[in-house]
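Below, each chain spelled out in residue letters.
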Amino acid sequence: MRIDKYLANMNVGSRKQVHKLIKDGIVSVNGQMVNTPKMQVAPDDEVMVGQEKVSYKQYHYFLMNKPKGVLSATEDLHQKTVLDLLDAQDRYQKLAPVGRLDKDTTGLLLITNDGQFTHNLLAPNKHVDKVYRASIAGVADESTVEEFAKGMQLGDGTKLKPAKLKILSQDKKNDTSEVEVTISEGKYHQIKRMFGASGMKVVELERLTMGDLKLDLNLKRGQYRELTDQEVKVLENSK
Ligand code: URA
């Protein structure tokens, strides 16, 4: 790979900024000063910019606690996206959210530039479980649990896989419930439509888990961190 691409991919700067760093004579590879942006480097070469070592990492994986009010998209002309919440030094090329949460949904969202990883987690035949916590307008009861468990049919005819509904609390007086729902698909507005089909409404929705990965409760809404290598492995092996 060319040294300018290597440095741009590692977010040292734009191609133009990187060319300037090279021109200024502060980039070296294995102790040799670089004098052309075309120089080829390998991932295990020692690349330095000034006194800073720049290690090559092809893929980046972030776990975000998504806040309300931002889109799970890579860009939007008018609205803020989850990528806008990343610090400038973390805005690596080709990052994208792993699937979508609605604008008003909060909680666990993965962001990566590893397309294969994303595909493995989202492919319909992988059935990776996702657990959501929801506040519901309406009283969910055993009949709702059964409806979800046998695989619902939505208003437009979409047939869903069985889902698990756990009722955490019911408030009959105020006609509300707190629940946890486990689904293995990711259809558009799936949980909202499931409750809608049962005559209820989702008021709050938060994703708690994806496969074996749990939302990191040390992250406030809008905060994120890199996944550990162990967490990446666990997700790669998710059923
Ligand atoms: N189901 C929904 O309805 N919305 C989400 O954001 C995720 C699952």
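As shown above, the structure is provided for reference.
What counts as what
- Here the residue index of a chain counts from 1 through its sequence in written order.
- Reporting in this predicted model follows two pLDDT cut-offs: at least 70 for local features of residues, and 80 or more for side-chain atom pairs to be given and counted; totals over whole chains, interfaces and linings ignore these cut-offs and use all residues.
- The basis for every side-chain value is the complete set of non-hydrogen atoms in the structure, without hydrogens or water.
- Each helix is a run of DSSP H or I of at least 4 residues and each strand a run of E of at least 2, with the numbering of both proceeding from the N terminus.
- Burial status follows relative accessibility: with a 1.4 Å probe on protein chains alone, a residue under 20% of its type maximum counts as buried, one over 50% as exposed, and anything between as partly exposed.
- Throughout, a residue-residue contact means that at least one pair of heavy atoms, one from each residue, lies within 4.5 Å.
- Accessible surface area values rest on a Shrake-Rupley calculation with a 1.4 Å probe, where residue burial reflects the displayed protein chains alone.
- Two kinds of site are reported from a 1 Å grid over the protein atoms alone, namely cavities, where a 1.4 Å probe fits but cannot get out, and pockets, open sets with protein on both sides within 12 Å along at least five of seven lines, and residues are called lining when an atom falls within 4 Å of a point.
- Grid points are joined across faces, edges and corners, and a volume is the space filled by probe spheres set on the points.
- Those domain boundaries reflect an automatic or database domain assignment.
- In this description, strands pair whenever DSSP reports at least two bridges between them.
- Within this scheme, the nonpolar core is defined by two criteria: the residues are buried Ala, Val, Leu, Ile, Met, Phe, Trp, Tyr or Cys, and they are joined through side-chain atoms within 4.5 Å.

Asks: It is not clear to me how the overall build of the protein chain should be interpreted in this structure. Could you clarify?
Replies: The number of helices and strands found in the protein chain is six helices and 13 strands. Across its three principal directions, the C-alpha atoms of the protein chain cover 75 × 35 × 35 Å. Evaluated residue by residue, the protein chain yields a buried proportion of 45% over its 239 residues. In the protein chain, the proportion of contacts linking residues at least 24 apart, taken out of those at least 6 apart, comes to 65%. Carbon and sulfur atoms make up 49% of the accessible area of the protein chain, which totals about 13,400 Å².

Asks: Please clarify how the side chain of Thr209 should be interpreted in this entry.
Replies: Residue placement: Thr209 occurs in strand 11 (residues 201–210). Not counting residues up to four positions away in its chain, the partners in contact with Thr209 are Leu108, Asp129, Lys130, Val131 and Lys214.

Asks: When you look at the layout of surface pockets in this model, what are you seeing that I'm missing?
Replies: Leftover empty space is mapped by rolling, across the atoms, a probe with the size of a water molecule. Within this model, the largest pocket holds a volume of roughly 600 Å³. Forming the walls of the largest pocket are 32 residues, and the residues nearest its centre are Arg100, Gly186, Lys187, Tyr188 and His189. Counting contributing residues per domain, the lining of the largest pocket is built from domain 2 (61–124 + 212–236) and domain 3 (129–210), each supplying no fewer than three. Reported here for the second largest pocket is a volume of approximately 270 Å³. Along its surface, the second largest pocket is lined by 15 residues, and Asn9, Gln58, Gln93, Lys94 and Asn113 are the ones closest to its centre.

Asks: Just checking my understanding: could you explain the pairing of strand 9 (residues 164–171) for this structure?
Replies: Every other side chain in a regular strand lies on the same face of the sheet, so the side chains alternate between the two faces. Both strand 9 and strand 10 (residues 176–183) contribute to a ladder of seven bridges, which runs antiparallel. Counted as the bridge partner of Ser169 is Glu178 from strand 10.

Asks: Explanation requested: the nonpolar core in the structure shown.
Replies: Where a protein is soluble and globular, its nonpolar side chains tend to be buried together. Core analysis: the biggest nonpolar cluster contains 33 residues, and Ile111 and Phe195 have the highest contact counts within it. Listed by contribution, the elements that provide at least two residues to this core are strand 5 (61–66), strand 7 (106–112), strand 8 (130–137), helix 4 (142–149), strand 10, helix 5 (190–197) and strand 11. Aside from chain neighbours lying at most four places away, what touches Ile111 is His60, Tyr61, Phe62, Met64, Val82, Leu83, Leu86, Leu95, Ala96, Pro97 and Val98. If you look at the next biggest cluster of nonpolar residues, it comprises 15 residues, including Leu63, Leu108, Phe117 and Leu215.

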